[in-house]
2 protein chains.
Amino acid sequence: MKIYFATSISGANDVKINNILLIETLKKFGTVLTEHFAGVSKSGETELSDKEIHDRDLRWIDECDVIVAEVSNPSLGVGYELRYGIENGKRILCLKHKNGKRLSAMVTGSDYLEVEEYSGDEDIFKILCDFFEE
Amino acid sequence: MKIYFATSISGANDVKINNILLIETLKKFGTVLTEHFAGVSKSGETELSDKEIHDRDLRWIDECDVIVAEVSNPSLGVGYELRYGIENGKRILCLKHKNGKRLSAMVTGSDYLEVEEYSGDEDIFKILCDFFEE
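Residues numbered from 1 in each chain as written. Chains lettered and ligands numbered in written order. Predicted model: local features only at pLDDT ≥ 70, side-chain atom pairs only at ≥ 80, totals over all residues. Heavy atoms only, no water.

Further remarks concern the environment of Ile3(A). In this structure, Ile3(A) sits in strand E1 (residues 2-6). Ile3(A) sits 113 residues away from Glu116(A) along the chain, and the two C-alpha atoms are 17 Å apart. (Helix = DSSP H or I, 4+ residues; strand = E, 2+ residues; numbered from the N terminus.)

Structural data, given as structure tokens:
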């Protein structure tokens, strides 16, 4: 099971997200292609141009079985990746922290995005179990 | 000339954008399908469900000749719309205020997005003239 994990990186971070914990939890369910997003490994971003990062990330979405996106913070990149995932028929789970602002209708109004709200670590594990067991 | 104007609505607004002025300037070049985004007209959002807003906005992108997106603030919705525009072969101009944070590599690294930085009203008019004259 190859998992593309999408999360806000350089954007505003209204809600502090524990990406490291999220990725460690995701690794119980498969291989996380975007592990460097949590700062666990920086290898992915070393000396790459924006075009190289863009093309590599889309290739990883092509390769992945599912996308899991943390959507509590607004992000152009995550929005772009969600639509690219839909375009390519990927199964997509969006995780929203209860303290996050109201989501865009582009996310909540799409038939192809499953949105789940969480408040703590146990919620995330349960949500992921349900998602990956389906 | 039908113009789809995309901008951050509910997201974080690190940079205060004058959407009304942007839309008024865009109207010199064509019909702006998303005029209500500036609060000029609220008719677009009245009593619509998230799914209705999502589907209407994608229909407008289908219909438009060009997309002009204000990208100075992070936004899931704008990122989603940018990718949907690319998916549908639209010509897309991204406007970034000089005070905006560094853009996602998904935007700057895409071959299909033209990104222009501006600092004031005169810049915007000149950038739009150049874009629409091409």
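What follows covers the interface of chain B and chain A. In this assembly, 38 residues from chain B lie in contact with 38 residues from chain A. Interface area, chain B with chain A, both sides summed: about 3,100 Å², of which 64% is carbon and sulfur. Inspection of the chain B/chain A interface yields six salt bridges. Asp50(A) serves as the salt-bridge partner of Arg102(B), at 3.6 Å between the closest nitrogen and oxygen. Taken together, the connections running from chain B to chain A amount to eight residue pairs in polar contact (both at pLDDT 80 or more). At the level of elements, helix H2 (50-63), helix H3 (76-87) and helix H4 (105-108) of chain B are the ones that each hand at least two residues to the side of chain B that touches chain A. (Contact = heavy atoms within 4.5 Å. Buried area = accessible area lost by both parts, 1.4 Å probe. Salt bridge = Lys/Arg side-chain N within 4 Å of Asp/Glu carboxyl O. Polar contact = N/O pair within 3.5 Å; in protein donor to acceptor, adjacent residues only side chain to side chain.)

Pairs of packed helices are described in terms of their axes, by the angle between the two and the distance that separates them. Residues and elements named next belong to chain B. Where helix H1 (residues 19-26) contacts helix H5 (residues 121-133), the axes come no closer than 10 Å and their chain directions differ by 35°. Here H1 and H5 pass one another in a crossing that is right-handed. Across from Leu 21, Leu 22, Thr 25 and Leu 26 in H1, the residues of H5 making contact are Asp 121, Ile 124, Phe 125, Leu 128 and Phe 132. Here the residues of the contact of H1 with H5 are counted per class, giving seven nonpolar, one polar and one charged. (Axes fitted to C-alpha atoms, helices over the stretch in contact; angles between N-to-C directions. Left-handed = near helix turned anticlockwise from the far one by under 90°. Nonpolar A, V, L, I, M, F, W, Y, C, P; charged D, E, K, R; others polar.)

Let us look at the packing of aromatic side chains. By the definition in use, this model includes six aromatic pairs over all chains. A centroid spacing of 5.2 Å and a plane angle of 85° characterise the contact between Phe131(A) and Phe132(A), whose relative ring orientation is edge-to-face. Grouping residues by exposure puts Phe131(A) and Phe132(A) together as buried. Ring centres 5.9 Å apart and planes at 45° place the aromatic pair Phe29(B) and Phe125(B) in the tilted group. Linking Phe29(B) in the loop between H1 and strand E2 (31-32) with Phe125(B) in helix H5, this pair joins segments that are 96 residues apart in sequence. When its relative accessible area of 37% is taken as the criterion, Phe125(B) is described as partly exposed. An aromatic cluster is built from Phe29(A), Phe125(A), Phe131(A) and Phe132(A), whose rings are joined through pairwise contacts. Of note, Arg91(A) hangs over the ring of Phe131(A), and the distance from its end group to the ring centre comes to 3.8 Å. (Phe/Tyr/Trp six-rings, centres within 6.5 Å; stacked < 30°, edge-to-face > 60°. Buried < 20%, exposed > 50% of the residue type's maximum accessible area, 1.4 Å probe, protein only. Lys NZ or Arg CZ within 6 Å of the ring centre and 35° of its normal.)

The subject of this paragraph is the relation of the copies chain B and chain A. Mapping chain B onto chain A is achieved by rotating through 180° and translating by 0.0 Å along the same axis, at an RMSD of 0.0 Å. Here the two chains are linked by the operation of a two-fold rotation axis. Interface overlap between copies: 100% of the residues of chain B at the interface are likewise at the interface in chain A, consistent with a symmetric, same-surface contact. (Least-squares fit on C-alpha atoms with pLDDT ≥ 70 in both.)

Turning our attention to the state of the cysteines. Applying the stated criterion across every chain yields a total of zero disulfides over all chains. Left without a disulfide partner, Cys64(A) is nearest to the cysteine sulfur of Cys94(A), which lies 13 Å away. (Disulfide = S-S within 2.5 Å.)

It is worth spelling out the nonpolar core at this point. Ranked by size, the top nonpolar core spans 46 residues in total, and within it Leu82(A) and Leu82(B) carry the most contacts. Residues contacting Leu82(A), with those up to four places away along its chain left out, are Ala69(A), Val71(A), Ile92(A), Cys94(A), Val107(A), Leu113(A), Leu76(B) and Tyr80(B). (Core = buried A, V, L, I, M, F, W, Y, C linked by side-chain atoms within 4.5 Å.)

In this section: the pairing of strand E4 (residues 91-97) of chain A. Residue and element names in this part refer to chain A. Burial analysis of E4 places six of its seven residues in the buried class, the great majority of the element. In terms of strand pairing, strand E3 (residues 66-70) meets E4 through five bridges, oriented parallel. The residue of E4 that forms the bridge with Ala 69 is Cys 94. As a crossover connection, the stretch from E3 through helix H3 (residues 76-87) into E4 is right-handed. As defined by bridge partners, E4 adjoins strand E5 (residues 114-118) across five bridges and the pair is classed as parallel. Counterpart to Leu 93 in the pairing with E5 is Glu 114. (Pairing = 2+ DSSP bridges. Right-handed = clockwise from strand over helix to strand, strands pointing away.)

Turning our attention to the pairing of strand E3 (residues 66-70) of chain B. All names here are of chain B. Counting buried positions along E3 yields five of five residues, so the element is predominantly enclosed. Every second residue of E3 is oriented toward a common face, with Val 66, Val 68 and Glu 70 on one face and Ile 67 and Ala 69 on the other, all of them buried. Of the pairings in the sheet, the one linking strand E1 (residues 2-6) to E3 comprises four bridges and is parallel in character. The partner of Ala 6 across the bridge, within E3, is Ala 69.

It is worth stressing that arrangement in space is one thing and function is another; only the former is reported here.
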